[in-house]
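One-letter residues, chain by chain:
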Amino acid sequence: MQDELIARAEAWLAEDPDPETREELAELIAAKDVPELTARFSGTLQFGTAGLRGELGAGPMRMNRAVVIRAAAGLAAYLRKQGETDGLVVIGYDARHKSADFARDTAAVMTGAGLRAAVLPRPLPTPVLAYGIRHLGAVAGVEVTASHNPPRDNGYKVYLGDGSQIVPPADAEIAAEIAAVGSLADVPRPDSGWETLDEGVLNAYLARTDAVLAQGGSPRTARTVYTAMHGVGKDVLLAAFARAGFPEPVLVAEQAEPDPDFPTVAFPNPEEPGAMDLAFAKARETGPDLIIANDPDADRCAVAVRDGADWRMLRGDEVGALLAQHLVNRGARGTFAESIVSSSLLGRIAEKAGLPYEETLTGFKWIARVEGLRYGYEEALGYCVDPDGVRDKDGITAALLITELASELKEAGRTLLDLLDDIAVAHGLHATDQLSVRVEDLSVIANAMGRLREQPPTELAGLPITRSEDLTKGTDTLPPTDGLRYTLAGARVIVRPSGTEPKLKCYLEVVVPVGSHAELPTAHAKAAELLAGIKRDLSAVAGI
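Everything in this summary refers to the structure shown in the same document. (Residues numbered from 1 in each chain as written. Predicted model: local features only at pLDDT ≥ 70, side-chain atom pairs only at ≥ 80, totals over all residues. Heavy atoms only, no water.)

Before going further, it helps to spend a moment on the pattern of salt bridges. The full count for this structure, using the stated rule, is 39 salt bridges. Linking Arg312 and Glu318 is a salt bridge whose minimum nitrogen-to-oxygen distance equals 3.2 Å. Residue Asp422 pairs with Arg414 through a salt bridge whose shortest N-O separation is 2.6 Å. A relative accessible area of 27% places Asp422 in the partly exposed class. (Salt bridge = Lys/Arg side-chain N within 4 Å of Asp/Glu carboxyl O. Buried < 20%, exposed > 50% of the residue type's maximum accessible area, 1.4 Å probe, protein only.)

The next subject is the sheet that holds strand β5 (residues 153-160). Pairing between the strands of a sheet comes from backbone hydrogen bonds, and it takes one of two forms, parallel or antiparallel. A sheet is described by the order of its strands in space; here 6 strands give the open sequence β1-β5-β4-β2-β3-β6, paired in mixed fashion. The open sheet terminates on both sides in strands that have one partner only, identified here as β1 (52-55) and β6 (195-196). For strand β4 (residues 140-144) and β5, the ladder comprises 5 bridges, and the chain directions are antiparallel. Pairing of Glu143 across the sheet is with Lys157, part of β5. Its contacts with the sheet put helix α4 (residues 65-81) on β1, β2 (88-93), β4 and β5, and the angle it makes with β5 is roughly 5°. (Pairing = 2+ DSSP bridges. Helix = DSSP H or I, 4+ residues; strand = E, 2+ residues; numbered from the N terminus. Contact = heavy atoms within 4.5 Å. Axes fitted to C-alpha atoms, helices over the stretch in contact; angles between N-to-C directions.)

Moving on to helix α7 (residues 170-179). Residues of α7 that are buried include every one of Ala170, Asp171, Ile174, Glu177 and Ile178, and no others. Along the axis of α7, the buried residues cluster in a sector spanning 125°; they form a single face. Considering only its buried residues, α7 is in contact with α4 and β5. (Arc of directions from axis to C-beta.)

Along the polypeptide, Ser342 turns up in the loop between β12 (335-339) and α12 (345-353). Look at Ser342 and you get buried, because its relative accessible area is 1%. Once residues lying within four places of it in the same chain are set aside, the contact partners of Ser342 are Asp317, Tyr377, Glu378, Glu379 and Arg492.

Now for unusual backbone geometry. Of note, the amide linkage connecting Pro168 to Pro169 takes the cis form, showing an omega dihedral of 5°. Following the sequence through the fold, Pro169 ends up in the loop between β5 and α7. Phi angles above zero are rare outside glycine, and Ser147 is one such case at about 55°. Tracing the backbone through its elements, the reader meets Ser147 in the loop between β4 and β5. Exposure remark for Ser147: the relative accessible area of 1% places this residue in the buried category.

Before going further, it helps to examine the packing of helix α2 (residues 19-30) against helix α3 (residues 34-41). α3 packs onto α2 with a crossing angle of 130° between their chain directions and a minimal axis gap of 9 Å. The angle between α2 and α3 places the two elements in the oblique class. The two elements α2 and α3 cross, and the hand of that crossing is left-handed. On the side of α2, the interface is formed by Glu24, Leu25, Leu28 and Ile29, while α3 contributes Glu36, Leu37, Arg40 and Phe41. Along the lines of polarity and charge, the residues of the contact of α2 with α3 split into 5 nonpolar, no polar and 3 charged. (Parallel < 35°, antiparallel > 145°, perpendicular 65-115°, else oblique. Left-handed = near helix turned anticlockwise from the far one by under 90°. Nonpolar A, V, L, I, M, F, W, Y, C, P; charged D, E, K, R; others polar.)

As a further point, take the nonpolar core. Formed by 84 residues in total, the largest nonpolar core has its most connected members in Val303, Tyr375, Tyr383, Ile402 and Leu416. When residues in this core are grouped by element, the largest group, 9 residues, is from helix α14 (residues 395-411). Excluding anything up to four places from it in sequence, Tyr375 contacts Val319, Gly320, Leu323, Ala324, Leu327, Thr335, Phe336, Ala337, Leu346, Tyr383, Cys384 and Val385. Counting residues in hydrophobic clusters, the runner-up holds 51 residues, among them Ile69, Phe102, Ile178 and Val181. (Core = buried A, V, L, I, M, F, W, Y, C linked by side-chain atoms within 4.5 Å.)

Before going further, it helps to examine the packing of aromatic side chains. Tallying each qualifying case throughout the model produces 6 aromatic pairs. Look at Phe336 and Tyr375: their rings are 5.4 Å apart centre to centre, the planes differ by 70°, and that puts the pair in the edge-to-face class. Residue Phe336 is located in strand β12, and its partner Tyr375 is located in strand β14 (residues 373-378); the two are separated by 39 residues in the primary sequence. Ring plane angle 15° and centroid distance 6.2 Å describe the contact between Tyr377 and Tyr383, whose orientation is recorded as stacked. Of the two residues, Tyr377 and Tyr383, both sit in the buried class. The ring of Phe246 has Arg220 sitting right over it, with the charged end atom 5.7 Å from the ring centre. (Phe/Tyr/Trp six-rings, centres within 6.5 Å; stacked < 30°, edge-to-face > 60°. Lys NZ or Arg CZ within 6 Å of the ring centre and 35° of its normal.)

None of the figures reported here should be taken as evidence of function without further support.
Following this line, the structure appears as structure tokens:
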């Protein structure tokens, strides 16, 4: 078995186009490091609805140039089979290690396959790429990014010509074409022939941000502290804020510039503990009206506000409700949509406004496909506020819209928290939380899901479970997915493996009726108690 493993590694080494990963792999082979070689050659990174994402390094189970070339060749073959023999493929990339190399390899493969390729001029936010696909009339787009994953990761996100991320069956069909790629020597990769775009796409993206805000002079007075989380959002967000007439954000200098090593955060995700600490410190120093944070590829937007004597980050569901109410107040028409893991509050806001509402599977690849979509959000800090421009989550335009709302409230002597209180009185307090477990061994996730399926709980935190659903069987409105949903008396729980990280995620929501603003403190205390109890009991039942 060791000889076979070494032989596979040597065959990979012989065609690896990257000197860095060749050297890395040669050292592992020379040392006969069986555990490490096994980890890298135990299979291949699976291409799915999130494209590819994984740790950088040599071998088929890592992200590297050889894996990306095969992925690009498979995508090109798929496009050609769809009749797009000379269509345009737009390629964007972030500032992570190897991102520019992966983008260049993709452009070379597309050109070699007879397609036209155009690469964005520099590392830019993912929503700029998503916008560029439709703006340029492309048949597909690729964004090289691992979003908010750890520094050692990179990824490969694929869009088709509608500007939305791929969904079944396209993902499986592309995966089959990738698997059919033989030797890399058989994949034509010319040294030139593709276009490097100028600033036109970015300028067009920024121009349509005008349409995101209310016309006729809405207030633009809210002052912000901003962190790009070592990603690529700063320049685009500053340009968008300047164009809109907002005060220039105060930057968290330590996190303002792109840095693929993400030196100030263990995980460059605003939701992770400690990631916002520098932003909170800057806010204490400068006293803004709110804090805005993007993740490294700027498709997500986090918001923090002063709460009493200090600052706290709003949950994604809270920002989702605020943006929804703001759009309703502005007279927005069209369908409001969210994924099943997000708060049921959006449905109540839409119902009261007389707007269509739809619930989808997790991910903007599904939300973006809702017919007549006007607004979509997901609890993981993703918001689509201008689906005519970007049919994906967009952390730049979401930042504009929440800052406009904060400005309007400021002019009235109110805050985002005041509006959240109004929403709770109107619709009940919808409080959410998450039990998220990061694992090294993926079997921990499979075992937990297995235990819950074999012995589903009958109550959590003293609340009886009135309905248990195994979502692998699908529902009347949802296609099958790996997840479990429990409906309780006044609460809801969804359990699912993450699609992009080695995590088991449990999404918790409780709804507490509220008759007046005076009842809010008691309602918040009751909600916190119930969420803590559900989290405790669910953890025990699942064994996590």
